[in-house]
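Inside the fold
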Amino acid sequence: MLVVEGFRGTGKSALLSTLDDMLAQVPHARIDLETNRHASVPEVLSAVAFDLSRTYPKYELRFPRFIIGQLAMRLELDLTDHSQAYKQVETALERYRDMDTVRQVLVDTAGSVLASTGLPIEPPESLVRYAVTWLTRHTPGRQLALGTFQNWYGHRDLGLHNDPIDVLIDLNHWAATADDEYDRQRIDELLLAAFLADLRSEFARGRRADERSLNAVVLLDNADSELGRRFLGQLVHARRQRAVGEPDDADPLTVVATSRGLLLSEVPEADRARVEPEDLTAGADRPRCWWVGYRLPDLTEDEVGRAIADMGLHLGKHQRLTRLVHDLTGGHPASTSLVLEAIAHDVPAKWIEPEAFLTHTERRDQHAPTVAERVLDRLLAGTSETAMPDLVTCAAARRRSDGLALADRDLLTCGLTGYVEGIDPLLWPEEHSAGLTVLRRLLTRRLAERTGPDAPGWSEVHGALRHICRAGGDEEGDLYHALADGELGFVAAHLHRRLPELDCPEWYELVQAVVAAPRLPRTGAVPVDEVRALVEAAALEPPVVPVGRLVAALHVVSDPFTDSRRGDVHLQIADDLAEVGRMREGGPHAVFLEAARHHRREAEWWD
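Calculation criteria
Residues numbered from 1 in each chain as written. Predicted model: local features only at pLDDT ≥ 70, side-chain atom pairs only at ≥ 80, totals over all residues. Heavy atoms only, no water. Helix = DSSP H or I, 4+ residues; strand = E, 2+ residues; numbered from the N terminus. Buried < 20%, exposed > 50% of the residue type's maximum accessible area, 1.4 Å probe, protein only. Contact = heavy atoms within 4.5 Å. Areas by Shrake-Rupley, 256 points an atom, 1.4 Å probe, with all protein chains shown as cover. Polar contact = N/O pair within 3.5 Å; in protein donor to acceptor, adjacent residues only side chain to side chain. Pairing = 2+ DSSP bridges. Axes fitted to C-alpha atoms, helices over the stretch in contact; angles between N-to-C directions. Salt bridge = Lys/Arg side-chain N within 4 Å of Asp/Glu carboxyl O. Core = buried A, V, L, I, M, F, W, Y, C linked by side-chain atoms within 4.5 Å. 1 Å grid on protein atoms, 1.4 Å probe; cavity = no way out; pocket = protein on both sides within 12 Å on 5 of 7 lines; lining within 4 Å. Points joined across faces, edges and corners; volume = space filled by probe spheres on them. Nonpolar A, V, L, I, M, F, W, Y, C, P; charged D, E, K, R; others polar. Parallel < 35°, antiparallel > 145°, perpendicular 65-115°, else oblique. Left-handed = near helix turned anticlockwise from the far one by under 90°. pLDDT = per-residue confidence, 0-100. Patch = residues over 30% accessible without salt bridge, like charges linked within 9 Å, V, L, I, M, F, W, Y side chains within 5 Å.

**Side note on the overall build of the chain**
- Each helix and strand in the chain was counted, giving 28 helices and 6 strands.
- The buried share of the chain, taken over its 607 residues, is 50%.
- In the chain, once contacts between residues fewer than 6 apart in sequence are set aside, the share between residues at least 24 apart is 71%.
- Only carbon and sulfur atoms are counted for the fraction: they give 50% of the accessible area of the chain, which is about 28,500 Å².

**A short note on the side chain of Asp251**
- With respect to the helices and strands, the residue Asp251 is situated in the loop between α10 (226-245) and β4 (253-259).
- Taking the relative accessible area as the measure of exposure, Asp251 reaches 11% and is therefore buried.
- Within the structure, the side chain of Asp251 is placed 2.8 Å from the side chain of Arg239, a separation counted as a polar contact.
- Leaving out residues up to four positions away in the same chain, Asp251 has contacts with Leu196, Arg200, Asn215 and Arg239.

**Digging into unusual backbone geometry**
- Backbone geometry places Arg156, a non-glycine residue, at a positive phi of 55 degrees.
- Note that Arg156 resides in the loop between α7 (142-155) and α8 (164-176).
- Residue classification places Arg156 among the partly exposed positions, given a relative accessible area of 22%.
- The phi dihedral of Asn222 falls on the positive side, at around 60 degrees, and the residue is not glycine.
- Topologically, Asn222 is positioned in the loop between β3 (216-221) and α10.

**As for the sheet that holds strand β6 (residues 291-295)**
- One open sheet accounts for 6 strands, arranged β2-β3-β4-β1-β6-β5; its pairing is parallel. The open sheet has two edge strands, β2 (28-32) and β5 (272-274), and neither has a second partner. Between one strand axis and the next, the sheet turns through 20 degrees on average, direction left out of account.
- Across 5 bridges, β3 lies against β4 in parallel orientation.

**Observations regarding the pattern of salt bridges**
- With the rule as written, the count across this model stands at 39 salt bridges.
- When the shortest N-O distance is used, the salt bridge between Arg398 and Asp474 registers 2.9 Å. Of the two residues, Arg398 sits in the loop between α17 (388-394) and α18 (400-408) while Asp474 sits in the loop between α21 (458-471) and α22 (475-484), which places them 76 residues apart along the sequence.
- One network of salt bridges, with partners in common, ties together Arg398, Arg399, Asp402, Asp474 and Glu476.

**A word on the nonpolar core**
- Formed by 67 residues in total, the largest nonpolar core has its most connected members in Phe195, Leu199 and Leu232.
- Considering each element in turn, this core owes the most residues, 11 residues, to helix α9 (residues 181-203).
- Setting aside residues up to four positions removed in sequence, Leu232 forms contacts with Met1, Leu220, Ala223, Val255, Ala257, Leu263 and Trp291.
- Core analysis: the next-biggest nonpolar cluster, separate from the first, contains 55 residues, Leu358, Val371, Ala405 and Trp428 among them.

**Notes on the environment of Gly154**
- Position of Gly154 relative to the elements: it lies in helix α7.
- Owing to a relative accessible area of 4%, Gly154 belongs among the buried residues under this scheme.
- As for Gly154 and Ile165, which are separated by 11 residues in sequence, their C-alpha atoms are 7.9 Å apart.
- Apart from the residues within four sequence positions on either side, Gly154 is in contact with Leu160, His161, Asn162 and Pro164.

**What to know about empty space enclosed by the protein**
- One pass over the structure, following the stated rule, counts 3 cavities of 30 Å³ or more.
- Here the largest cavity defines a volume of roughly 120 Å³.
- Taken together, Trp152, Arg156, Leu158, Glu189, Ala193, Leu196, Arg200, Ala238, Gln241 and Arg242 make up the lining of the largest cavity.
- Those elements that place two or more of their residues in the lining of the largest cavity are α9 and α10.
- Looking at side-chain class alone, the lining of the largest cavity contains 5 nonpolar, 1 polar and 4 charged residues.

**So, the packing of helix α16 (residues 371-379) against helix α20 (residues 434-448)**
- Relative orientation of the contacting elements α16 and α20 amounts to 125 degrees, with a least axis distance of 10 Å. Viewed along their axes, α16 and α20 adopt a mutual orientation that is oblique. Between α16 and α20 the crossing geometry is left-handed. From α16, Ala372, Glu373, Val375, Leu376 and Leu379 reach across to α20, where they touch Gly435, Val438, Leu439, Leu442, Leu443 and Arg446.
- By residue class, the composition of the contact of α16 with α20 is 8 nonpolar, 1 polar and 2 charged.

**Some details on the pairing of strand β1 (residues 2-5)**
- As defined by bridge partners, β1 adjoins β4 across 4 bridges and the pair is classed as parallel. Looking at β4, one finds that Glu5 is bridged to Ser259.

**A short note on the side chain of His481**
- Summarising the element assignment, His481 is placed in helix α22.
- With relative accessibility at 0%, the residue His481 sits in the buried group.
- In this structure His481 touches Ala396, Arg398, His462, Leu465, Arg466 and Cys469, once residues within four positions along its chain are discounted.

**Here's the deal with the confidence of the model for the chain**
- Per-chain confidence: the chain averages 86 in pLDDT, with 87% of residues scoring 70 or above.
- Least confident of the elements in the chain is helix α6 (residues 125-135), whose mean pLDDT is 45; most confident is α22, at 98.
- Here residues 123-146 is a poorly scored stretch, pLDDT under 50, and it has 53 contacts once near neighbours within four places are set aside; other chains count.

**Let's talk about a nonpolar patch on the surface**
- A cluster of nonpolar side chains, Leu404, Leu416 and Val420, forms an exposed patch at the surface whose accessible area comes to about 230 Å².
- Relative to the helices and strands, Val420 is located in helix α19 (residues 415-427).
- Residue class for Val420 comes out partly exposed when judged on its relative accessible area of 47%.

Put into structure tokens, the structure is as follows:
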């Protein structure tokens, strides 16, 4: 079981599409478990069996054990009289022998799921042909008439000695009470075992069995859904149960499922392993676990640079554009693709302005969504409009606990329950990613655009978060939200006071964490002029000015929306680092000297 993980827009579905195309000669099925989230495990299994039964070179698969179970579930039995029910099952399985009946069973049990795939829902001819063959056997005696397929329900490849008809009656009874969770689990377990038994048998059958070098493959998109977690959990359970008695008799099925991280977070560590890109090379040792996770990586700066070079733009410094795009998107694949698409339509003439990328629309339709809106649509697919205001509010929080505290302060319309169920999984997934960074940045821009009394605005949200941080003794958080709210004077005075109290590396680390705070949208001014205006507006005391100017300048260049005219700001930072370093007893510390050299080198990159 391979679980491909990644944030929305990292290419998980695109990967499944590529695999789908590559598997044209191999039995495979592809199902979106979010689109079919209201389906049941038996319905998904029917759809999978349906697709695997299509005609492929070297493969002609059938699922008689599984279909017997589906037929038994659909019977109307007299469950008050066991002997009567027994006869009804025998009679029904002998009667259900014509092609139309088999076709209807397949369509009824899989049609709703198959309809979502866009594929024809006429049963594969091989499945119908074989189903008719084994349903129309007429030899004396119940055991021979029903054949080995039905007898499987008596032993289930586990050495059991049950009467198969009794088991099918039980299955029918469970189906009649499928609202009971325990009965649903028993149905899932039995039909999954029948499905896997059919696969093992079919792969070993026929003249070309030795030529089948590849397993059947099931591609499952959006496996974090409740249906996905149930289906895969039951599949692993069926495999484990089989492995107890036959550890070397693995079923010939490979499952590739996509997840945003929730699926494996619920799996015990002993049952899962992770692989990295280097582990996928030929000859590398493979982990032997029931679950194997692989996280799709974000694009590196070099990969973004290669994409820009391939665009063939008539632009002076591709490296500058590469850095801006990668800083803006973090390498998130979908966001990067949309930004590059905007750049291709409107190549920067002089300096490079990230704001222009995000506000770009198709020239032929000025009412079309902007790039920023299209990125958000990708990142928030399936999120309800009613959750959006609270998502925007909570995106300003640095930590999960701070977002939870906002719910306690009645700043969220969804309340605590809505936060835990809808907002927390989006903003605080198991692993951080570039997609999450982009989502937070764009939601923060929405917060800056808020007006009116219906939802808390920028200052109210950051003010509330300041109080939360201060109450919790979070100095960094207090300063972070104060700077976001335009309180440069307060931040500079505090950091000036802390300069002699902290070690230089600790002080500079605090400064770097604080200047990561979001900023209100830019005015379009030259960045170095923005710094001067901010310092002037703060009305700083003379001793505090170098610290305040350093904070303002670092805040500006840390903003991914700042344009490429950053050279003078980096030079200003280098000068201020030297001056702040001299304010320390004993002169500049190595951390300031190294940081100053770094910013002088950075100045050479930018306009």
